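One letter stands for each residue in the lines below.
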Amino acid sequence: MQPKIMMKKKSISASKASLVLFLCQMISALDVPLDLSQPPTITQQSPKDYIVDPRENIVIQCEAKGKPPPSFSWTRNGTHFDIDKDAQVTMKPNSGTLVINIMNGGKAEAYEGVYQCTARNERGAAISNNIVIRPSRSPLWTKEKLEPNQVREGDSLVLHCRPPVGLPSPIIFWMDNAFQRLPQSERVSQSLNGDLYFSNVQPEDTREDYICYARFNHTQTIQQKQPISVKVFSTRPVTERQPVLLTPTGSTSTKVELRGNVLLLECIAAGLPTPVIRWIKEGGELPANRTFFENFKKTLKIIDVSEADSGNYKCIARNPLGSAHHVISVTVKAAPYWITAPRNLVLSPGEDGTLICRANGNPKPSISWLANGVPIAIAPEDPSRKVDGDTIIFSHVQERSSAVYQCNASNEYGYLLANAFVNVLAEPPRILTPANKLYQVIADSPALLDCAYFGSPKPEIEWFKGVKGSILRGSEYIFHDNGTLEIPVAQKDSTGAYTCVARNKLGKIQNEVQLEIKDPTVIIKQPEYKVIQRYGQVSFECIIKHDSTLLPTVIWLKDNDELPDDERFLVGKDNLTIMNVTDKDDGTYTCIVNTTLDSVSASAVLTVVARPNPPFDLELTGQLERSVELSWIPGDENNSPITNFVIEYEDGLHEPGVWHYQTEVPGTQTTVQLKLSPYVNYSFRVIAVNEIGRSQPSEPSEQYLTKSANPDENPSNVQGIGSEPDNLVITWESLKGFQSNGPGLQYKVSWRQKDVDDEWTSVIVANVSKYIVSGTPTFVPYEIKVQALNDLGYAPEPSEVIGHSGEDLPMVAPGNVQVHVINSTLAKVHWDPVPLKTVRGHLQGYKVYYWKVQSLSRRSRRHVEKKILTFRGNKTFGMLPGLEPYSTYKLNVRVANGKGEGPASPDKVFRTPEGVPSSPSFLKITNPTLDSLTLEWGSPTHPNGVLTSYILKFQPINNTHELGPLVEIRIPANESSLILKNLNYSTRYKFYFNAQTSVGSGNQITEEAVTIMDEGKMVQPLYPRIRNVTTAAAETYANISWEYEGPDHAHFYVEYGVAGSKEDWKKEIVNGSRSFFVLKGLTPGTAYKVRVGAEGLSGFRSSEDVFETGPAMASRQVDIATQGWFIGLMCAVALLILILLIVCFIRRNKGGKYPVKEKEDAHADPEIQPMKEDDGTFGEYSDAEDHKPLKKGSRTPSDRTVKKEDSDDSLVDYGEGVNGQFNEDGSFIGQYSGKKEKEPAEGNESSEAPSPVNAMNSFV
């Protein structure tokens, strides 16, 4: 019969803990159920070579199982050990383990010997290995007289340790009196036997405390040898020598090692310079993955050696003077090892079986058999057995054939002993697997369904699926000898009940188990590789999908170990976050997801990057007068490659503490040749740069002072410009300190008049940057040069530059000034240039001063605003934009140089023609009746000519906002009201109203009104409306305002676009329900259309208005200090202050108190609060004409700007203001500037139309 599980045992060495054997035997204990009779089986025993601590009790283990329970006995050194006669020895109850009491007076040495345990019951006897008991020893060093070692420098030296023989052998190490390990190297090292070898001695080897220590681990004691003294004396010169092997000696040696052990080969050589050791295997290669070099390659280590590692190993010691070698012949022997160890047999009466015991070794081991611990040759006869070498054959066994057999395989290097029993039983089948056991398996994984069984004879096993299923067969199933059913790839349809049936001639039994298939656990979002800067934050994701019936647990590891115990690591449900990342956080992070059935993991690398560490060890070499070589060692690049190094220098002589850029080199370079200047005390530092940033600067290098020399260069930026008509100011940029090349820096300044045969005039000045030449003619050219010199000499000859002496005001005015009026807002001016000699300086250009004398359409007292346009260069014409229509102007022209302006030309008077008027100032509709409305209006603020008539257009509007037929009426210019009759009752009308001059119609204003339904009853407007949309434009923005009638809380928007363009309207939302908005970002000099609408009121918008932004022209130049109103205001303020001081003085003398400041601001009129440009709120600004504050409700008319179609001329030839200029082609790129002067009243001019510039300036 065969047991239910056939376990394959592996042989274990005697050095391994007996726990391994115990576990293996526990597994095999399932072979026969414990309730059935069976021979003894050894389950635990002490190792073969058992070294005990002599200070502790000796415990010799022997545990066994069997039915009935076995009894135990011992032998010592081959004879029976009667434990009852020794009071120090006891045996544990129900066990064979011996306890020898040493701590109560016993001596361990008395119990040395070879012990063997026997476990016996009625079915046989099992025996243990021979257990050799030896107490550990740690003897003291023998006394010896140590002579000091006197060695010549360069010679070899061996300091012998010769430790006492202990059990086990001690660990050797060398230290000094301070218990510090002596440093070892290729030159000085410790051999395998503990001696200290010097390949050559150096003066620093002199010391008196070379101490060898032996550590006995078993007794935890350390023994110390007496200190050894070494004194090295020097002889010059030191003789170099080729290598000589110190150990092993000779040219060849042999070494025997056992299979499975570690092979250690050693070669130590003397020589100067210190030899280098290399190892080879003759006729083969050193085994890969098992070869290691230790002790600075002086020791060759091969682990787990086998017979194939036998051969000749050569060590070669080499230095520049030669080489030496030694061949070690290695033979690998083998203690016995199992090929097939005997296994327990369970047979039924009449069955046959075999026990096989096969082992190998070098030399080949001999095999011997024992029965119940007795050599089989002298054991009781059993007719059912036959011994055939390594095999015992059993035939027709009976119950009396039960016994325990021992196989012993031995050679000169060791032995193996194995117990195997033959148990003869007659038993019906048993199934040992629990009924209805549930197996849960992950889909697509193997499913193993157990059917652990026992029976004698051995039962046959069959598997069925379900209660009435057919027997399982086919390639999709695997049937194991131990009864297990394997489904290699379990699928969802594999779920269900499976039945196992076991039968032999004595009976039949079955068992049912359940199989469930679960979905696999999957990481659907794995952690990804991250690069993070130091002190940043990083997060790794680990999102999983799993079977709903399984509870997963997520574990994070760092470098396959637990996460650091640090609050910076935050583990979330599906992520890991690391706060304030440091360099130590660099590594591999693994997310492990475990369920009861499967485990998955994913890893990602975190690379922490940072600015590089500063370079160090700066060194200057190759110092020359004009160069030096700088080298350094880079600091840690912190996971981001260094891209370049920046070299800076400090001049400790001229600018101590100030660092300047010198050069930079690629990140792979650590040396650089630097060019130097004379007379500089250099220090250098290096900064490393990577993608993250720059490192801290390195520590400064040593200082290097270069020698003095003549200056290499002269001052730069030499200029000659007169500050007065009779001088020449020569300036230059002085040389920097390190450019002086030496002490005593000065400058030689030379000049002479150009195109005149004069000699150079020269002066030497101190280290300054300016020299003034007096008594020069006005504005004549000079040749100038400035040369540097110091105490050692002059710089190279400098180059010459041309300068001019001082300028004076121009002498004459331009002549023949002519004006050509192009249209109502534009004029062109011509003049003759002045002779260049009369300019008396650099010609800057011509300035045109112009101003409006009066408006021809109205008369008013006003300030004269003079405007200036500058035309660069020698131009003879220019354009005057932004004029007001129907006005009289004056202008004059002046030439300008660097000193100022020349005299003005005679004033030239010209007039601008009529233009179209602005829109009427207002339109009111009053007195609604059933069929009539009364219209009232105001004349245009800017008539821009003589009004000829008004045009009124109107049309009805129905409930769907559709417009009816348009009616037009012309009204005389002197009218200001009109009654419209014959209108429909209860009807809304829309009115369009504008004025006309002989030039054309101006901008219209719109209004809506409703006739009433019944007499005496006013009708509220049926629909909301927006009217009186007005604009006030500047260069780049415009203020839009309107009036609204309709439901409360309306939300407005402003739409605008370029006039005449087909592009879509641009829309701006108005915050709140206010009735004004500032359009920003407009283009200067551009005509725009604008309209206002209300959100939520479909199709409801105002009529369109058109305005034009001011061109990028000159701003007005006003000398405020010369204005009469300003002088009067200042006088009033002074008078007021004087009165206050007098009142304060009087009240003070009377003992009263006077409040200095009263809070008038708290009572300010909310109707006139300032307007902020950024939020569109109202404020005070001056009108260009009357300088009165703009009150809420007084709006700038919508046509304050001139329409674009009024002039087809471009601004190419327009002039500029003080801050502006024209290009050479006359294109305008500046701004207006102007001055205001008093002008006598010339009639009523209050309605004069301002120019686009004035409209713009009213906002700035």
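In this report, the structure presented in the accompanying data block is examined. Because the structure is a prediction, the values reported are computed rather than measured.

### What to know about the overall build of the chain
In terms of regular secondary structure, the chain is built from three helices and 94 strands. Going through the 1260 residues of the chain one by one, you find that 46% of them count as buried. Relative to all contacts within the chain whose residues are 6 or more apart in sequence, the contacts with residues 24 or more apart total 66%. By element, 50% of the accessible surface of the chain is carried by carbon and sulfur atoms, the whole surface being about 63700 Å².

### Description of the state of the cysteines
Enumeration according to the criterion identifies six disulfides in this entry. The disulfide that involves Cys62 links it to Cys117, with 2.0 Å between the sulfurs. As the torsion about the S-S bond is roughly -70 degrees, the Cys62-Cys117 disulfide counts as left-handed. Remark: Cys117 occurs in strand β9 (residues 113-121) and Cys62 occurs in strand β4 (residues 62-67); sequence separation between them is 55 residues. Of the residues examined, Cys117 reaches a relative accessible area of 0% and is grouped as buried. Here Cys267 connects covalently by a disulfide to Cys315, the sulfurs 1.8 Å from one another. Across the disulfide from Cys267 to Cys315, rotation about the S-S bond amounts to roughly -70 degrees, and the bridge is consequently left-handed. Residue Cys267 is found in the loop between β22 (263-266) and β23 (268-272), and its partner Cys315 is found in strand β27 (residues 311-319); the two are separated by 48 residues along the sequence. On the basis of relative accessibility, which here comes to 0%, the residue Cys267 falls in the buried class. Disulfides within the chain link the bonded cysteines, taken in sequence order, as 1-2, 3-4, 5-6, 7-8, 9-10, 11-12.

### Re the side chain of Ser805
Its place among the elements puts Ser805 in the loop between β71 (801-804) and β72 (815-823). In terms of polar contacts, Ser805 uses its side chain to reach the backbone amide nitrogen of Phe779, at 2.9 Å. What Ser805 contacts, discounting residues up to four positions off in sequence, is Gly722, Asn727, Leu728, Thr776, Pro777, Thr778, Phe779, Val780 and Tyr782.

### Focus on a nonpolar patch on the surface
Among the surface-exposed residues, Leu1135, Leu1138, Ile1139, Ile1142, Val1143, Phe1145 and Ile1146 lie close enough to one another that they form a single nonpolar patch of about 640 Å² accessible area. Within the element layout of this structure, Ile1142 appears in helix α2 (residues 1124-1149).

### Digging into unusual backbone geometry
Of note, the amide linkage connecting Thr247 to Pro248 takes the cis form, showing an omega dihedral of -5 degrees. Along the polypeptide, Pro248 turns up in the loop between β20 (241-247) and β21 (252-258). Phi at Asn94 takes a positive value of approximately 55 degrees, unusual for a residue other than glycine. Among the structural elements, Asn94 can be located in the loop between β7 (89-91) and β8 (98-100). By relative accessible area, Asn94 is classed as exposed at 81%.

### Observations concerning the sheet that holds strand β30 (residues 353-356)
Taken together, three strands build an open sheet; the order of strands is β30-β35-β34 and the sheet is antiparallel. Edge positions in the sheet fall to β30 and β34 (385-388), since each has one partner strand and no second. Neighbour-to-neighbour, the strand axes of this sheet turn through a mean angle of 15 degrees, independent of strand direction. In the sheet, β30 pairs with strand β35 (residues 391-394) via four bridges, with the strands oriented antiparallel. Its bridge partner lying in β35, Ile356 is registered against Thr391.

So, how was this worked out
Residues numbered from 1 in each chain as written. Predicted model: local features only at pLDDT ≥ 70, side-chain atom pairs only at ≥ 80, totals over all residues. Heavy atoms only, no water. Helix = DSSP H or I, 4+ residues; strand = E, 2+ residues; numbered from the N terminus. Buried < 20%, exposed > 50% of the residue type's maximum accessible area, 1.4 Å probe, protein only. Contact = heavy atoms within 4.5 Å. Areas by Shrake-Rupley, 256 points an atom, 1.4 Å probe, with all protein chains shown as cover. Disulfide = S-S within 2.5 Å. Polar contact = N/O pair within 3.5 Å; in protein donor to acceptor, adjacent residues only side chain to side chain. Patch = residues over 30% accessible without salt bridge, like charges linked within 9 Å, V, L, I, M, F, W, Y side chains within 5 Å. Salt bridge = Lys/Arg side-chain N within 4 Å of Asp/Glu carboxyl O. Pairing = 2+ DSSP bridges. Axes fitted to C-alpha atoms, helices over the stretch in contact; angles between N-to-C directions.

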